[in-house]
Every structure is written in C-alpha cells, then in structure tokens.
Amino acid sequence: GSHGRSVGVVDLVVDAAARRVVESDFRWLRTYGDRLAPDSAMAARVERWRAVVDRVAAAPVGRNDTLLVRSARGESALGNLLADAMRGAVPAEIAMMNPGGLRADLPAGTVTRGQLYEVMPFDDTIVEVELTGAQVKEVLEGGLARGLVTQVSGLRYRFDSRRPPGDRVTALLDGRGEPLSPERGYRVLCNNFMAEGGDHYTTFARGRGMRDTQVALRAALENHVARLAGEGKPLSYRLEGRIVPEP
C-alpha cells in the first residue's frame, strides 16, 4: 500500500507434482508504526543515508513567489510550470502532463532540489510524438472521461463535464489562440508513462514518429527553475486561462 500503510499477504497452496497453484488467498494487513520497536541497525543505516541525502536535497535551485498547487479537476499553476518546463527542454508546439504525475505542491520561498523531487518523484522521461489536432482533442477527452484534467502548455481548451464523454471539449486553441486543425499534425510532448498508455492515455500510441528523448522530466523542471533564477526571475505562475471549465 502507498506510504507503507499496509502490506499485502498472499497465501498459495501449490501442487508440486502438477507444478501449479491450486488455491490462493489474499489479504491486506494494516501497519502501525507505534506498535513496533525500530530495528536499531536499520535505523542507523537510514540516518547515515539521510545525512548524505539531506545535503543534496537542501541545495537551492531558485525562488518561487507564491504557493503552486496541484489539481486534477482544472488548471493548476504547478501543471503550467511542468508543461512549460517540458517545452523548454525539448522544443515542441504542445506539452501535456497527467495531473497524477504531480505529487506535491511547491511552497513559496527558496526552491530546493528536494522540493522538486517531491513534486516529481518519478524517473519519467519526455517523449515526443506527432498527433493530429483531432488526436490532441481525443487525449483531452480521454482524461475528462475519467475526471482528469490534462495539464498543458502551448494549448488552451474549454470543457463542460455535463456533456457526454467524447464531447466535453468545447473549444481547443493553439498557443496563438487559433483553433487546432483536426487534420494537421502537431509536435506533442508527454511523459513516458502517458506514452505507454498510463492513466489510459492510449491515443499517444497511435501517433506518428514517437521517440523517447531520454530527457528526464525532473531534470527539465530543475533546469527550467534554475534558468529563471539565473536571469534573476523567481517562479511567478498563476492560473491564466489555459484550461477553463464551463459554468
């Protein structure tokens, strides 16, 4: 279970002669940290690791002038930051980010390497693929069908959750404010989790020329923050109407 809150136990009865499982049983066991004494050897080892990791995690990368929060239900300033960082690392017209990939909010103040790791703890890489405008809409519709609002850069869209699945995106514009052409191909970035069908984003597999750039998403984020800091600029992200739910 997540955060070590439970442990899964599977009991198997095996027919050794037939080399097959003939019976199985599965159960979750809740874990309670206050009921067990810590193992002293492991605790000492963890403290040694922590001493090394804390020095790396505390390294400043830049500054953030306001709390950036996540959202799976609408546009989020943190989602805008991640999607922009993707396009900053790999030039493309559009970047798309699954909201579930953002795992922590980013507080105001000094931005450290450890905080960026908490925001993006996965070793995802940036994948480039060509999608038609119709396929871009299909990606967004697929997320909305499961209550997930895909975060974007180089793209603006409106949606109405009251409409039937597959028909919820009511407006879809490029970065210049022009409607996307359903037939034209666009260079689109996503993470490798989405490219492989994670969170049911299956449309990417039907795109053209998919390639994994091997650019780590977390490194792209860190470089984006550091570049702004080098220009004397803090992170200054706000909700800006990239994603607008219909009332």
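First, a word on scope: everything that follows refers to the structure included in this document. (Residues numbered from 1 in each chain as written. Predicted model: local features only at pLDDT ≥ 70, side-chain atom pairs only at ≥ 80, totals over all residues. Heavy atoms only, no water.)

To continue, consider the side chain of Thr-112. Among the secondary structure elements, Thr-112 is positioned in strand S5 (residues 109–112). Using a relative accessible area of 15% as the deciding quantity, one classes Thr-112 as buried. Not counting the four nearest positions on each side in its chain, Thr-112 is found in contact with Ala-57, Ala-58, Ala-59, Pro-60 and Val-61. (Helix = DSSP H or I, 4+ residues; strand = E, 2+ residues; numbered from the N terminus. Buried < 20%, exposed > 50% of the residue type's maximum accessible area, 1.4 Å probe, protein only. Contact = heavy atoms within 4.5 Å.)

Next up on the list: the pattern of salt bridges. Tallying each qualifying case throughout the model produces 21 salt bridges. Across the pair Arg-176 and Asp-174 runs a salt bridge whose closest N-O atoms are separated by 3.1 Å. A residue is classified by how much of its surface remains accessible, and Arg-176, at 66% relative accessible area, is exposed. Judged by its relative accessible area of 8%, Asp-174 is buried. Among the ionic contacts, a cluster of salt bridges with common partners joins Asp-84, Arg-156, Glu-240 and Arg-242. (Salt bridge = Lys/Arg side-chain N within 4 Å of Asp/Glu carboxyl O.)

Moving on, we come to the packing of helix H2 (residues 77–89) against helix H6 (residues 217–230). Relative to each other, H2 and H6 sit at 95°, their axes nearing to 8 Å. When the axes of H2 and H6 are compared, the pair comes out roughly perpendicular. Counting all contacts with H2, which are made through Leu-81, Leu-82, Asp-84, Ala-85, Met-86 and Ala-89, the residues of H6 involved are Leu-217, Ala-220, Leu-221 and His-224. Residues that form the contact of H2 with H6 fall into these classes: 8 nonpolar, 1 polar and 1 charged. (Axes fitted to C-alpha atoms, helices over the stretch in contact; angles between N-to-C directions. Parallel < 35°, antiparallel > 145°, perpendicular 65-115°, else oblique. Nonpolar A, V, L, I, M, F, W, Y, C, P; charged D, E, K, R; others polar.)

What follows concerns the packing of aromatic side chains. For the structure on display, the rule yields 3 aromatic pairs. With a centroid separation of 5.5 Å and 85° between ring planes, the pair formed by Phe-26 and Trp-28 is classed as edge-to-face. Between Tyr-201 and Phe-204, the aromatic rings sit 6.3 Å apart at their centres with planes inclined by 50°, giving tilted as the arrangement. Since its relative accessible area comes to 0%, Phe-204 is described here as buried. The aromatic ring of Tyr-201 is capped on one face by Arg-146, whose charged end is 5.6 Å from the ring centroid. (Phe/Tyr/Trp six-rings, centres within 6.5 Å; stacked < 30°, edge-to-face > 60°. Lys NZ or Arg CZ within 6 Å of the ring centre and 35° of its normal.)

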